[in-house]
Amino acid sequence: MIFIKEFLDNLPSIKPIPTQEKFENRLKDKDKIKAIIFDVYGTLIISASGDVHESEISHRNLDHALSYGNFFINGLTEEERNNITSSILHSFYQEIRNQQELLKKKNEYPFPEVEIRDVWKKVIAKAESENKIRVSECSHMDRMIFTYELLSNKIYPMPNLKETILDLQNKGYVLGIVSNAQFYTPIILNYFLNQIFDLDENILGFPNNLSVFSYQYGIGKPDVKLYNILTDSLEKNYHIKANESIFIGNDMLKDVLPAQKAGMQTALFAGDKRSLRLRREEKEVKNISPDLVITSFDQITKIF
């Protein structure tokens, strides 16, 4: 899809902000590692907001995204358009909360994850029924959502991302992902890693059965179930035990803690101050430490 390329070709450069943290390396038997599993936002991808769930909320971003997706706002003045987009954003976040509550009751998951396309479909239908917007045959929901995400959460590939992943593949490591994400995340990664720009949600170089995205399962981090899905697949399909894998992520609570519970070795990625989440105020992580700390992405190829 050409609109993906148009946006991703012109992303403004973002550089990671170095951290001053110092840590002890506790990784043992690194030669035992057969699989390397990654978080996405804050690890593979720089996020200007620091986290995918901390994006900028802006009615102006939504106005641009609706227009780019060929949804037409029924407002003549700037004030009218602002009121409409603000109302739609309110409905959007309310619908997320509603769907999360339904998922909690239905599946008893403590950290439910919505499918953002289902949320937007309901929100857009409501706005159309209230005559706030006009939907036409040329309206494109995925295009609108993708645009809103890129406007709200500025992203850029982590330095040395492509080279590092290629090096690990060439060395024979099995690669995987566990991420709080939506459908646009694998699309973005495919572009950053492989210059593929279409709506395929499969990432070249990362097996589908080792690409665990929260939106696909209705489960969000830090639920250990996401990590168990990954480790079960590792053992079943690749005969790799959990402790023969290492998970690399930037968040002590959402990455290191549940990955350790799933039996994996862990590396804290401390390469960007914006996204480093030490969570020192959280009692759950006070007595745990990662096996390894990485302060720049190119260190990965030196370690493994």
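Scroll up to find the structure this text is about.
Attention in this report is confined to the structure presented alongside it. As the structure is a prediction and not an experimental result, all values here were calculated from the model.

Calculation notes
Residues numbered from 1 in each chain as written. Predicted model: local features only at pLDDT ≥ 70, side-chain atom pairs only at ≥ 80, totals over all residues. Heavy atoms only, no water. Axes fitted to C-alpha atoms, helices over the stretch in contact; angles between N-to-C directions. Helix = DSSP H or I, 4+ residues; strand = E, 2+ residues; numbered from the N terminus. Parallel < 35°, antiparallel > 145°, perpendicular 65-115°, else oblique. Left-handed = near helix turned anticlockwise from the far one by under 90°. Contact = heavy atoms within 4.5 Å. Nonpolar A, V, L, I, M, F, W, Y, C, P; charged D, E, K, R; others polar. Phe/Tyr/Trp six-rings, centres within 6.5 Å; stacked < 30°, edge-to-face > 60°. Buried < 20%, exposed > 50% of the residue type's maximum accessible area, 1.4 Å probe, protein only. Pairing = 2+ DSSP bridges. Lys, Arg positive; Asp, Glu negative; His and termini not counted. Salt bridge = Lys/Arg side-chain N within 4 Å of Asp/Glu carboxyl O. Polar contact = N/O pair within 3.5 Å; in protein donor to acceptor, adjacent residues only side chain to side chain. Right-handed = clockwise from strand over helix to strand, strands pointing away.

Remarks on the packing of helix 3 (residues 78-107) against helix 4 (residues 116-129)
At their nearest, the axes of helix 3 and helix 4 sit 9 Å apart, and the two run at 135° to each other. Between helix 3 and helix 4, the crossing angle belongs to the class labelled oblique. Here helix 3 runs over helix 4; the crossing is right-handed. Residue-level inspection shows Ile88, Ser91, Phe92, Glu95, Ile96 and Gln99 of helix 3 in contact with helix 4, the latter providing Ile116, Asp118, Val119, Trp120, Lys122, Val123, Lys126 and Ala127. Of the residues belonging to the contact of helix 3 with helix 4, the class tally is eight nonpolar, two polar and four charged.

Remarks on unusual backbone geometry
Among all residues except glycine, the phi angle is most often negative; among peptide bonds, the trans geometry is most common. With an omega of 10°, the peptide bond running from Lys221 to Pro222 counts as cis. Structurally, the position occupied by Pro222 is in the loop between helix 8 (214-217) and helix 9 (224-238). For Asn160, which is not a glycine, the phi torsion comes out positive at approximately 70°. Even without being glycine, Arg279 reaches a positive phi, approximately 55°. In this fold, Arg279 is placed in the loop between strand 9 (265-269) and strand 10 (292-294).

Focus: the packing of aromatic side chains
Under the defined criterion, the tally for this structure stands at 12 aromatic pairs. Each ring, one from Phe92 and one from Trp120, has its centre 4.2 Å from the other, and the planes form 15°; the classification is stacked. Note that Phe92 is positioned in helix 3 and Trp120 in helix 4, a separation of 28 residues in sequence. Phe92 sits in the buried class, given a relative accessible area of 5%. When the ring of Phe269 is compared with that of Phe297, the centres are 5.8 Å apart and the planes differ by 70°; the resulting orientation is edge-to-face.

Brief notes about the sheet that holds strand 10
Reading across the sheet, the six strands line up as 7-6-1-8-9-10 and stay open at both edges, with parallel pairing between neighbours. Of all strands in the sheet, those with a lone pairing partner are strand 7 (211-213) and strand 10, marking the two edges. This sheet shows a mean twist of 20° between the axes of neighbouring strands, independent of strand direction.

Here's the deal with the side chain of Glu113
Mapped onto the elements, Glu113 comes out in the loop between helix 3 and helix 4. Among buried charged residues, Glu113 stands out as having no salt bridge; its nearest opposite-charge side chain is Lys254, 8.6 Å away. There is a polar contact of 2.8 Å between the side chain of Glu113 and the side chain of Ser214.

Some remarks on the pairing of strand 9
When you tally the buried positions in strand 9, you get five out of five residues, the bulk of the element. Burial of strand 9 is two-sided: the residues Gln265, Ala267 and Phe269 facing one way and the residues Thr266 and Leu268 facing the other way are all buried. Here strand 8 (residues 245-249) runs beside strand 9; their pairing, made up of four bridges, is parallel. Residue pairing for strand 9: Phe247 is matched across the bridge by Thr266. After leaving strand 8, the chain enters helix 10 (residues 252-261) and then returns to the sheet as strand 9, a path that is right-handed. Relative to strand 10, strand 9 runs parallel, the two sharing three bridges. Bridging from a neighbouring strand, Ala267 pairs with Leu292 of strand 10.

Re the pattern of salt bridges
For the coordinates displayed, the defined rule picks out 13 salt bridges. Between Glu95 and Lys122 there is a salt bridge; the shortest N-O distance is 4.0 Å. Placement of Glu95 in helix 3 and of Lys122 in helix 4 is noted, with a sequence separation of 27 residues between them. A relative accessible area of 15% means that Glu95 is categorised as buried. A salt bridge links Asp251 to Arg279, with the shortest nitrogen-to-oxygen separation between them at 2.6 Å. Taken as a pair, Asp251 in the loop between strand 8 and helix 10 and Arg279 in the loop between strand 9 and strand 10 lie far apart in primary sequence, 28 residues in all.

A short note on the pairing of strand 6 (residues 174-179)
Counting buried positions along strand 6 yields six of six residues, so the element is predominantly enclosed. Taking every second residue as pointing to the same face, both faces of strand 6 are buried, with Val174, Gly176 and Val178 on one and Leu175, Ile177 and Ser179 on the other. Judged from the three bridges that link them, strand 6 and strand 7 form a sheet pairing that is parallel. When the sheet's bridge partners are listed, Ile177 is paired in strand 7 with Ser211. Viewed along the sheet, the connection from strand 6 through helix 7 (residues 184-194) into strand 7 turns out right-handed.

Considering the environment of Lys241
Here Lys241 is to be found in the loop between helix 9 and strand 8. When the C-alpha atoms of Lys241 and Lys34 are compared, they prove to be 8.9 Å apart, with 207 residues separating the residues in sequence.

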